[in-house]
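In case you want the letters, here they are:
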Amino acid sequence: MTHDRNRPSSLSPATLAVSAGRPPRRQGGPVNPPVVFSSTYVNQGVSAPGELLYTRMDTETWHPFEEALAALEGGEHGVVFGSGMAAVVAAVGHVPAGGAVVVPRHAYQVSLGYLDDLAKRQGVEVRRVDVADTAQVVAALDGAHVLLAESPTNPMLEVADLPAILAAARERGVRSVVDNTFATPLGQQPLALGADVVVHSVTKYLAGHSDVVLGAVVTDDPQLAADVRAYRTMHGAIPGPMEVWLALRGLRTLHLRVERANANAAELARRLAEHPAVAEVRHPSLPADPGHERAARLMHGFGAILGVRPHGGAAAADAVVAAVRLWVPATSLGGVESTLERRRRFATESVTVPEDLLRLSAGVEDVEDLWADLDQALRAV
């Protein structure tokens, strides 16, 4: 599905979140696109281009969400997938046997696990880099096939100089893929910064209510879009119609949720940095944060994810998780509810992630209630 390039140039992202992907206006027609439950379509003879045939190939229920997300990312083509990892694999899985992929040393652990699996099965070289070190990233791109970048990274919140590393990738003929899940299209638009592909875990901020698992790819390249659609069809990496419809409904309030969650995260970061029970806080809004200058220059807002290390090590971090009452101990992020977890409880997490790091996803609750709950948990520990 493609969208009208004239709309993003004249409407703000907040307006696009509400208006893109609407059905044509007609008297008596629906304001919202309907959800269609059908595994197949009436079809005889040779199908004409664009005719629907079978839902594994295409369905009209996907199109409004794909159009809306492409508009928000400033891209031409959106492709929705059954999960974020399905989108990642479709975007980077073309790397040849014996090829090389550059990826941040801190990134979504399942993405790293997938690349490690490629290394074992196909001899792919996985070059893990400090994505905040631009010179290191550029050097690693020589002879590579794919750059899979995150900024800010999960869970350490390092901020990359995306324009610089994406330009270097393009100069070297390296396909650049940016996971924009943390920043969202409201925080940055990697295609405008030089990326070939943007991927999302739609499960997180885009859907926003912790009730669906979906992914998406956005690109300006029609051939690449055709390739990832073909991958989706052949590998059955398709989403259900109801899940996509729910994600589109969630997308309508993206700007409101992100604005509130970002404001909550910045205020909590400021207070946590002064808390006697806290050893370290990571959030790009803090002037002392290593990523502050880049985030202020390259992003709109600083995101709603925080990294917190309490005094007392991993045991203290676990005790904080056990002591909160409003914050929800859970993996994943980006929902309306605030969640937290100790990341290194997973054996698959990067070994350079501190054992005591808590990843906090600020939601949209009243910030004073969120603070009171964190404060009492930290003081109890």
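Visitor: Go over helix α3 (residues 63-73), please, and point to the residues and values.
Guide: Along α3, 11 of the 11 residues are buried, which leaves the element largely enclosed by surrounding structure. Within α3, burial applies to His63, Pro64, Phe65, Glu66, Glu67, Ala68, Leu69, Ala70, Ala71, Leu72 and Glu73. Of the residues one or two after α3, Gly74 is the one with positive phi, at around 70°.

Visitor: If you had to explain the pairing of strand β12 (residues 358-361) to someone new, which residues and values would you point to?
Guide: Here is the key point about a regular strand: its side chains alternate between the two faces of the sheet. Because side chains alternate across β12, one face comprises the buried residues Leu358 and Leu360, and the other comprises Arg359 and Ser361, equally buried. With 4 bridges connecting them, strand β9 (residues 305-310) and β12 associate as antiparallel partners. Pairing of Leu306 across the sheet is with Leu360, part of β12. Where strand β11 (residues 339-342) meets β12, 4 bridges bridge the pair, whose relative direction is antiparallel. Paired with Thr339 across the two strands is Ser361, which belongs to β12.

Visitor: Account for empty space enclosed by the protein, naming residues and giving values.
Guide: Enumeration over the complete set of coordinates arrives at 4 cavities of 30 Å³ or more. Counted by class, the lining of the largest cavity contains 6 nonpolar, 5 polar and no charged residues.

Visitor: So what's going on with the sheet that holds β12? Residues and values would help.
Guide: Read across the open sheet, the 5 strands follow the order β8-β9-β12-β11-β10; overall the sheet is mixed. In this open sheet, the two strands that pair with only one neighbour each are β8 (278-282) and β10 (328-329). The strands that helix α12 (residues 254-272) touches are β8 and β9; relative to β9, the one it contacts most, it runs at about 20°.

Visitor: Hey, could you go over the layout of surface pockets for me, with residue numbers and the actual values?
Guide: In this structure, the largest pocket encloses a volume near 460 Å³. Lining the largest pocket are 28 residues, with Tyr108, Ser201, Thr203, Lys204 and Ser332 sitting closest to its centre. For the lining of the largest pocket, the secondary-structure elements that each account for two or more residues are α4 (84-92), α5 (109-122) and β6 (197-201). Ranked by the residues each element gives to the lining of the largest pocket, the list is headed by α4, at 3 residues. Looking at the lining of the largest pocket, its residues break down into 9 nonpolar, 13 polar and 6 charged. Approximately 240 Å³ is the volume attributed to the second largest pocket. Looking at the second largest pocket, it is lined by 16 residues, and the ones nearest its centre are Gly50, Met57, Asp58, Arg229 and Arg232.

The rules behind these values
Residues numbered from 1 in each chain as written. Predicted model: local features only at pLDDT ≥ 70, side-chain atom pairs only at ≥ 80, totals over all residues. Heavy atoms only, no water. Buried < 20%, exposed > 50% of the residue type's maximum accessible area, 1.4 Å probe, protein only. Helix = DSSP H or I, 4+ residues; strand = E, 2+ residues; numbered from the N terminus. Pairing = 2+ DSSP bridges. 1 Å grid on protein atoms, 1.4 Å probe; cavity = no way out; pocket = protein on both sides within 12 Å on 5 of 7 lines; lining within 4 Å. Points joined across faces, edges and corners; volume = space filled by probe spheres on them. Nonpolar A, V, L, I, M, F, W, Y, C, P; charged D, E, K, R; others polar. Contact = heavy atoms within 4.5 Å. Axes fitted to C-alpha atoms, helices over the stretch in contact; angles between N-to-C directions.

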